[in-house]
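# Fold and contact review
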Amino acid sequence: MRSPGSTAEHDEDALKELIARELGAVRGRSLGLTTDVLPETDLTAQVSPLMSPLVWDLAHIGNYEELWLLRAAAGIEPMRPEIDGLYDAFEHPRAERPSLPLLPPGEARSYIETVRAKVLDSLSSVRFDPGNPLTSGGFVYGMVVQHEHMHDETMLATHQLRKGAPALLDPPAEPLQKPGGPSGTDEVLVEAGPFQMGTSDDPWAYDNERPVHLVDVPAFYIDVEPVTNAAYTAFIEAGGYDDPRWWDPAGWEWRNSSGKQAPGFWARERDQWVRRRFGRLEPVPPEEAVQHVCWYEADAYARWAGKRLPTEAEWEKAARWDPAAQHSRRYPWGEVYEEGRANLGQQMLHPSNSGSYTAGASAYGVRRLLGDVWEWTSSDFHGYPGFRSFPYKEYSEVFFGPEYKVLRGGSWATHPLAVRGSFRNWDYPIRRQIFCGFRCARSAGEGI
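This is a predicted model, so every value here is computed, not measured. (Residues numbered from 1 in each chain as written. Predicted model: local features only at pLDDT ≥ 70, side-chain atom pairs only at ≥ 80, totals over all residues. Heavy atoms only, no water.)

## Comments concerning the packing of helix α1 (residues 12-32) against helix α5 (residues 139-161)
Applicable threshold: To obtain each axis, a line is fitted to C-alpha atoms, and for helices this fit is confined to the stretch in contact; angles are then taken between N-to-C directions over 0 to 180 degrees. Put simply, DSSP marks the helices as runs of H or I at least four residues long and the strands as runs of E at least two long, and each gets a number from the N terminus on. The scheme is simple: roughly parallel for angles under 35 degrees, roughly antiparallel for over 145, roughly perpendicular for 65 to 115, oblique for anything else. Note on convention: near helix rotated counterclockwise from far helix by under a right angle means a left-handed crossing. Clockwise means right-handed. Residue contacts follow a heavy-atom distance rule, with two residues in contact if any of their heavy atoms lie within 4.5 Å. All amino acids are sorted into three groups, where Ala, Val, Leu, Ile, Met, Phe, Trp, Tyr, Cys and Pro are nonpolar, Asp, Glu, Lys and Arg are charged, and the leftover types, Gly among them, are polar.
In contact at an axis separation of 10 Å, α1 and α5 are set at 15° when each is read in the N-to-C sense. Considering their axes alone, α1 and α5 lie roughly parallel with respect to each other. Regarding α1 and α5, the two cross each other, and that crossing is left-handed. Across the interface between the two elements, Ile19, Glu22, Leu23, Val26, Arg27, Arg29 and Ser30 of α1 pack against Tyr141, Val145, Glu148, His149, Asp152, Met155 and Leu156 of α5. Taken together, the residues of the contact of α1 with α5 break down into seven nonpolar, two polar and five charged.

Rendered as structure tokens:
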């Protein structure tokens, strides 16, 4: 897979070939999570009020594609304007979507296939005008591809939430997990100084990643690896869930009202912890990165460990900044995406073990910053200095504020085209159905 940043952006033919190829790849993934594997009753059911019925996601990605690639980019008249409201994510919250007159699975698939055929047909005549920010560098096409990949990750979270159903998803062979052994240290020092945060020239970056700006970060230590299941189990067994000293006040209220005592999908059986993963019950693997923990749980663990969650700026500096070249990389290892450097793209259906993907380390030697688990940071979600909403404020701007915490790095379920070192995700601090984990940090000079 080639990223748009490694394609000759001014060669329209090459860029259109990339777009057509990636549109096809993401659609295969979407169908493989919906109509290719599930009966109609499962597609229309809602497994949790936190999630949409899968058939809503399926038609929504087609409607979004029609809005942006046919109407906005190609100037084609609306196909089904009467369904726009049904698939507007801001008009209907997830909890009420099952009651809407949604397209049934067969009609939804037919609709998205018709949209896709028209998109591919119109692609040959679309011009990537450098003066038009919507089409320059193929931005709007990249936005649609990334949007579908994001919904595919959401569909995977829906599959994980399905209860009482037979196991559905089987991971492929695991050829890309390359354990490198212990790193020799638990944390590394990132020296004080400014770095380039965000981007202004990545052609498919979102508005909240822009513009690039200098941020001066005090010296800090950051964990080499994400926190493991074994380490998190030690927190549980030390009574971490029952000690208010470690919890943010709002987190302690959440813990008491929810009654949670372990990460999502964990249960205690006899003398061991087990987890439910896509319909299968299995022992919790000790060396995998812990996942399905909310921000409050991550924050409590970090306090218990004598550390804290990294700020968003600290995370990005550890991931992207090359102190020798005085330059921020697109990925922790360099400018071009390379297979085998990160657990991305639904390769394994779970996080990798500590010591894996050593070739994906950053300039500071920090590992597994992309893939495995979305990593909670201590930062609230906000726009960068000079932020400009584009192409619509509902993607980023309406979420700015203290209600949302920033996550970075992507998970094993995130596609490589939908994440990079500058990419920002966000969610409520109580959310844990997403594939989220964390690593810890501490300020230089602080003991542990």
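## Section: the sheet that holds strand β14 (residues 441-443)
Think of a sheet as strands paired side by side through backbone hydrogen bonds, with each pair either parallel or antiparallel. The following threshold applies: When DSSP locates at least two bridges between a pair of strands, those strands are taken to pair.
An order of β1-β4-β14 is seen for the three strands of this open sheet, with the pairing classed as antiparallel. Each edge of the open sheet carries a strand with a single partner, namely β1 (187-190) and β14. Between one strand axis and the next, the sheet turns by 20° as a mean value, whatever way the strands run. The sheet strands contacting helix α9 (residues 312-320) are β1, β4 (220-223) and β14, and the helix crosses β4 at an angle near 75°.

## Observations regarding the side chain of Arg29
Definition in use: The classification of residues rests on relative accessible area computed with a 1.4 Å probe and restricted to protein chains. Under 20% of the type maximum is buried, over 50% is exposed, and intermediate values are partly exposed. Charged-residue counts in this description rest on Lys and Arg as positive and Asp and Glu as negative, His and the chain ends being excluded. One side-chain nitrogen of Lys or Arg within 4 Å of one carboxyl oxygen of Asp or Glu is enough to make a salt bridge.
Summarising the element assignment, Arg29 is placed in helix α1. Within the buried set, Arg29 has no salt-bridge partner at all; the shortest N-O distance to an opposite charge, 4.2 Å, is to Asp152. Not counting residues up to four positions away in its chain, the partners in contact with Arg29 are His149, Asp152, Leu156, Gln346, Ala413 and His415.

## Quick word on the side chain of Thr377
Let me state the cut-off plainly: Definition of a polar contact: a pair of N or O atoms within 3.5 Å, with one able to donate and the other able to accept a hydrogen when the atoms are protein atoms, and with sequence-neighbouring residues admitted only if both atoms are side-chain atoms.
Secondary-structure assignment places Thr377 in strand β10 (residues 374-381). A distance of 3.3 Å separates a polar atom in the side chain of Thr377 from the backbone nitrogen of Ser379. For Thr377, the residues in contact, after removing those within four places along its chain, are Trp295, Leu309, Pro310, Thr311, Glu312, Trp315, Lys405, Val406 and Arg408.

## Notes on the sheet that holds strand β7 (residues 280-283)
Ordered by their spatial adjacency, three strands build an open sheet running β5-β6-β7, and the pairing between neighbours is antiparallel. With partners counted over all chains shown, the strands left at the sheet margins are β5 (266-269) and β7, one partner each. Across the sheet, the axes of successive neighbouring strands diverge by a mean angle of 35°, strand direction being ignored. Alignment of β5 against strand β6 (residues 272-277), held across four bridges, turns out to be antiparallel. Note that in β6 the partner of Ala267 across the bridge is Val274.

## Quick word on helix α3 (residues 54-72)
An α-helical turn contains 3.6 residues, so any two residues separated by three or four positions project in the same direction. This is how it is decided: Expected helix span is computed as 1.5 Å times (number of residues minus one). To obtain the bend at a residue, axes are fitted to the seven residues ending there and to the seven starting there, and the angle between these axes is taken.
Taking 1.5 Å per residue as the helical rise, α3 with its 19 residues ought to reach 27 Å, and the 26 Å between its terminal C-alpha atoms agrees with that figure. In the structure, α3 departs most strongly from a straight axis at Glu66, where the bend amounts to approximately 30°. Counted residue by residue, α3 has 17 buried out of 19 residues, so it is predominantly covered.

## Re unusual backbone geometry
With an omega of -10°, the peptide bond running from Arg210 to Pro211 counts as cis. Tracing the sequence through the fold places Pro211 in the loop between β2 (193-197) and β3 (213-217). The omega torsion across Phe390 and Pro391 is -5°, close enough to zero to call that bond cis. With respect to the helices and strands, the residue Pro391 is situated in the loop between β10 and β11 (401-408). Located in the positive-phi region is Leu349, a residue other than glycine, with phi close to 65°.

## Focus: the pattern of salt bridges
Taken as a whole and judged by the stated rule, the model has 39 salt bridges. With a closest N to O distance of 2.8 Å, Asp299 and Arg303 form a salt bridge. Pair noted here: Asp299 and Arg303 are both in helix α8 (residues 295-304), with a separation of four residues, about one helical turn. With a relative accessible area of 10%, Asp299 lands in the buried category.

Distances and angles like these do not, on their own, reveal function.
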